[in-house]
Amino acid sequence: MKATKSGEDSDSDSDSNSGGNSDDNCDNDDGNNSGNNGDDENNNNIAAASKRDSVDPWLEVVTFDELKNYDATILMATRYYVAGDRDTWKPVILTAMSIGVAGFPDPDKFKEVEEIANVTKRNTHAYLCPATSVDPTTRKAVPFLKKEVIRRAITNNVNPVPRISSWNQKKCKEWLQNNPPHSTDHEYIRTCYRELLDEFREHYLLKSGSTEANMFRLLRAFECLLHKDQ
């Protein structure tokens, strides 16, 4: 799997002010180490971000208001959802990016996608990360949705950029559905989503005790033996 990042804990908590990503089990801080996501023009939590490209924009230390410091090219999907960085991975960044892109499920349906449901069920061998690290419609997803609103406004040259400090999840989702990502983002988002589901499915097959999983492990073992003899 090439396109990855991750997060942890349930939706019972209040909104995280996080904007970023997490570790191999998808996140150990539960999204509670938050940044200030206000529209305060004096918000300078990370002065380095004002240099436009010195801090990766998808990191949690970068708030939605600070995205305004970045050039549009840095906020395009190929640079905003970074492939292969498992230590700073939150799939919710990708699912938020997909809202409004043709071919994706309704945002409320992501948690019902089989590959996602299989690895977000707690107390199972196949558990990989909580639903809140993937589902873009939980309260914890609001900071990610806000960052996606600003990212799209900048890359689509929306002027003025919306003032969204008071927006809730419903308002963010409606805006994103009505304002798709830049057209050049769409295929990359689709590719990353397919790769994400492939990784979730492989994790489930390797970790769960299902009949399907046992067959998969046997096939993988047989394949390794064949390659060893070559």
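None of these values were measured; they are calculated from a predicted model.

Inspection of the secondary structure assignment puts K146 in helix 4 (residues 142-155). The class for K146 is buried, based on a relative accessible area of 10%. Contact partners of K146, with chain neighbours within four places excluded, come to F64, I164, S165, W167 and C172.

Moving on to the pattern of salt bridges. On inspection of all chains with the given rule, the structure shows eight salt bridges. We note a salt bridge from E148 to R151, for which the minimum N-O separation is 2.8 Å. On the criterion of helical spacing, the pair formed by E148 and R151 is a turn pair, its members being three residues apart in helix 4. We classify E148 as buried; its relative accessible area is 2%. Assessed through its relative accessible area of 0%, R151 is described here as buried. Ionic pairing is found between D185 and R151, a salt bridge with its closest N-O pair at 3.1 Å. Highlighted residues: D185 in the loop between helix 5 (169-178) and helix 6 (186-207) and R151 in helix 4, separated in sequence by 34 residues. The pair D185 / R151 is uniform in exposure class, with both members buried. Put simply, E148, R151, R152 and D185 are held in one network by salt bridges that share partners.

Further remarks concern the side chain of T120. Tracing the sequence through the fold places T120 in helix 3 (residues 114-120). Here T120 falls in the buried class, since its relative accessible area comes to 14%. Once you skip the residues sitting within four places of it in the chain, T120 turns out to touch Y127, C129, P130, A131 and V134.

Now for the packing of helix 2 (residues 91-98) against helix 4. Following both chains from N to C, one finds helix 2 and helix 4 inclined at 50°, their axes separated by 9 Å at the closest point. Regarding the angle of helix 2 to helix 4, the classification is oblique. Every pair of crossing elements has a handedness; the one defined by helix 2 and helix 4 is right-handed. For the pair formed by helix 2 and helix 4, the contact residues are V92, I93, A96, M97 and S98 on the first element and F144, L145, E148, R151 and R152 on the second.

Bringing unusual backbone geometry into the picture now. The amide bond that connects N159 to the next residue, P160, takes the cis arrangement and shows omega of 5°. Positionally, P160 belongs in the loop between helix 4 and helix 5. For N123, which is not glycine, the phi torsion reads 60° and is therefore positive. If you trace the backbone, N123 turns up in the loop between helix 3 and helix 4. Residue classification places N123 among the exposed residues on the basis of a relative accessible area of 80%.

So, on to helix 6. The end-to-end C-alpha distance of helix 6, which contains 22 residues, comes to 32 Å, matching closely the 32 Å that a straight helix rising 1.5 Å per residue would cover. Among all positions of helix 6, only H186, I189, C192, Y193, L196, L197, E199, F200, H203, Y204 and L205 are buried.

What follows covers the confidence of the model for the protein chain. With 65% of its residues at a pLDDT of at least 70, the protein chain reaches an overall mean of 77. Mean pLDDT per element in the protein chain: helix 7 (residues 211-229) is the minimum at 62, and helix 4 is the maximum at 97. Predicted confidence for residues 1-25 stays below pLDDT 50, and this span has 128 contacts to residues more than four positions away or in other chains. Confidence drops under a pLDDT of 50 for residues 27-51, and excluding neighbours within four residues, the segment shows 59 contacts in the predicted structure.

All right, on to the packing of aromatic side chains then. Under the counting rule described, the total for this entry stands at two aromatic pairs. Relative to Y193, the ring of F110 lies with its centre 5.8 Å away and its plane at 80°, an arrangement referred to as edge-to-face. Of this pair, F110 sits in the loop between helix 2 and helix 3 while Y193 sits in helix 6, placing them 83 residues apart in sequence. In this pair, the class of F110 matches that of Y193, namely buried. Through successive ring pairs, a cluster of aromatic residues spans F104, F110 and Y193.

Cut-off values and rules
- Residues numbered from 1 in each chain as written.
- Predicted model: local features only at pLDDT ≥ 70, side-chain atom pairs only at ≥ 80, totals over all residues.
- Heavy atoms only, no water.
- Helix = DSSP H or I, 4+ residues; strand = E, 2+ residues; numbered from the N terminus.
- Buried < 20%, exposed > 50% of the residue type's maximum accessible area, 1.4 Å probe, protein only.
- Contact = heavy atoms within 4.5 Å.
- Salt bridge = Lys/Arg side-chain N within 4 Å of Asp/Glu carboxyl O.
- Axes fitted to C-alpha atoms, helices over the stretch in contact; angles between N-to-C directions.
- Parallel < 35°, antiparallel > 145°, perpendicular 65-115°, else oblique.
- Left-handed = near helix turned anticlockwise from the far one by under 90°.
- Expected span 1.5 Å × (residues − 1).
- pLDDT = per-residue confidence, 0-100.
- Phe/Tyr/Trp six-rings, centres within 6.5 Å; stacked < 30°, edge-to-face > 60°.

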